[in-house]
Amino acid sequence: MAERTRRAVAVPAQDRGSAPGPAPQTPAGLERPPAGPEKSPAGPERSPAGLNRPPVGRDGAARWLWVLPPVVVLGLVFLYPLGLVVQQSFSPESGGGAFDAYASVFASQSFREALGTTVWLAVGATAGCLVLGFALALVIAFVPFPGARAVAKFIDVFLSFPSFLITLALLFVYGTVGMANGLVTDLTGAAEGPFHFLTTPWGVLIAEITYFTPFVMRPLLAAFSQLDTAQLEVAAGLGARPARIVRQVILPEALPALAAGGSLVLVMCLNEFGIVLFTGAKDVTTLPMLIYGKAILESDYAAACVVAVVNIAISVGLFGLYRVVGKRAGA
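A brief structural summary. (Residues numbered from 1 in each chain as written. Predicted model: local features only at pLDDT ≥ 70, side-chain atom pairs only at ≥ 80, totals over all residues. Heavy atoms only, no water.)

1. Concerning the nonpolar core
General note: in soluble globular proteins, nonpolar side chains tend to be found buried as a group.
Item 1. Of all hydrophobic cores here, the largest spans 42 residues; its most connected members are Phe212, Leu220 and Phe224.
Item 2. Residue assignment for this core shows that the elements contributing at least two residues are α4 (109–142), α5 (148–158), α6 (163–174), α8 (201–225), α9 (229–237), α10 (242–270) and α11 (274–279).
Item 3. Top contributing element to this core by residue count: α8, with 12 residues.
Item 4. Among residues more than four places away in sequence, those in contact with phenylalanine 212 are Cys129, Val265, Met268, Cys269, Glu272 and Ile275.
Item 5. Tyr102, Ala114, Ala303 and Val309 belong to the second largest nonpolar core, which has 13 residues in total. (Core = buried A, V, L, I, M, F, W, Y, C linked by side-chain atoms within 4.5 Å. Buried < 20%, exposed > 50% of the residue type's maximum accessible area, 1.4 Å probe, protein only. Helix = DSSP H or I, 4+ residues; strand = E, 2+ residues; numbered from the N terminus. Contact = heavy atoms within 4.5 Å.)

Structure representation (structure tokens):
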């Protein structure tokens, strides 16, 4: 009887020796995410001990301590002299009104001629660099020839050359007593050779195109390296000629790089001084050459500062254009 009573007593499931039944299934689409670290309802999770961030005020002071030295150096080395130039242009030592120096310089024929010469040389050199740089970059990137990679590497090295070095090289070859004129005089017996273009505005233009063309080729070669060659193969397979492939496939991809390189060359040509000085072109006066003449040769510092302020304003405007074009081009 006692045995039957013990069998009738219900045994809790957790105390039974038999295996537990299957776990209850969660309805489809309502699966619980994997268990993660529980967050305290009191607030956000705290950082481990010893890794707490410093207070905001102390962090801001530390940042200022790092920023202050370069700002001071930049102010003393660059901003302070620039401010003196601007101040001198509005308050010349000889006295007069704030805009008297500007009125005198703007009314002078030499300033207008220098401004016109600077603009047309910069625009002409930029156009020449774009055409020549695009053609040379096409050959290096898409025409297989021995040494193409070495030429591309040389372009990177060429960018580090000073501008007067290229001008001196041209003088050694095409100068009045250069190799080309010497060869002609030796062969013909003439008193002088036929090459005298380096002392003219065209000589300055050729020298600037020679020096600044790699500054256009470098971004073009980078853009061509990212061009999908499958597009060229498909266009060629459809019967397109090379000129049409360049015009409709390659050129649209190269336009941002052309714009960025052309903007940079325009800014650099606007401020070029060494090439104009070393060519010895007496009839070529640009804004940098006019500043040099007013300050060093004539000791007219007020006029030199006025021309410098105008040159800075044009350069900053063009540099802003270069940055905008460079961002759109991804440079």
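2. Notes on the environment of glycine 116
Item 1. Looking at the element boundaries, glycine 116 is found in helix α4.
Item 2. Taking relative accessible area as the criterion, glycine 116 reaches 36% and is therefore assigned partly exposed.
Item 3. For the pair formed by glycine 116 and leucine 287, sequence separation is 171 residues and the distance between their alpha carbons is 9.2 Å.

3. Remarks on α8
Item 1. Between the first and last C-alpha of α8 there are 36 Å, a value that for 25 residues agrees with the 36 Å anticipated at 1.5 Å per step.
Item 2. The sharpest bend along α8 comes to roughly 35°, located at phenylalanine 212, with the proline proline 214 sitting one to four residues further on. (Expected span 1.5 Å × (residues − 1). Bend = angle between axes of the 7 residues up to and from the residue.)

4. Comments concerning the environment of methionine 217
Item 1. By the element assignment, methionine 217 lies in helix α8.
Item 2. With a relative accessible area of 4%, methionine 217 lands in the buried category.
Item 3. In the structure, methionine 217 is positioned 84 residues away from glycine 133 in sequence and 5.0 Å away in space, judged by C-alpha atoms.
Item 4. If sequence neighbours within four positions are ignored, methionine 217 has contacts with Gly133, Leu136, Ala137, Ile140 and Ile155.

5. Here's the deal with the environment of glycine 261
Item 1. Along the polypeptide, glycine 261 turns up in helix α10.
Item 2. Among the residues examined, glycine 261 registers a relative accessible area of 2% and is labelled buried.
Item 3. Through-space distance from the C-alpha of glycine 261 to that of valine 216 is 4.5 Å; in sequence the pair is 45 residues apart.
Item 4. The contact partners of glycine 261, leaving out residues within four places of it in the chain, are Phe215, Val216 and Pro219.

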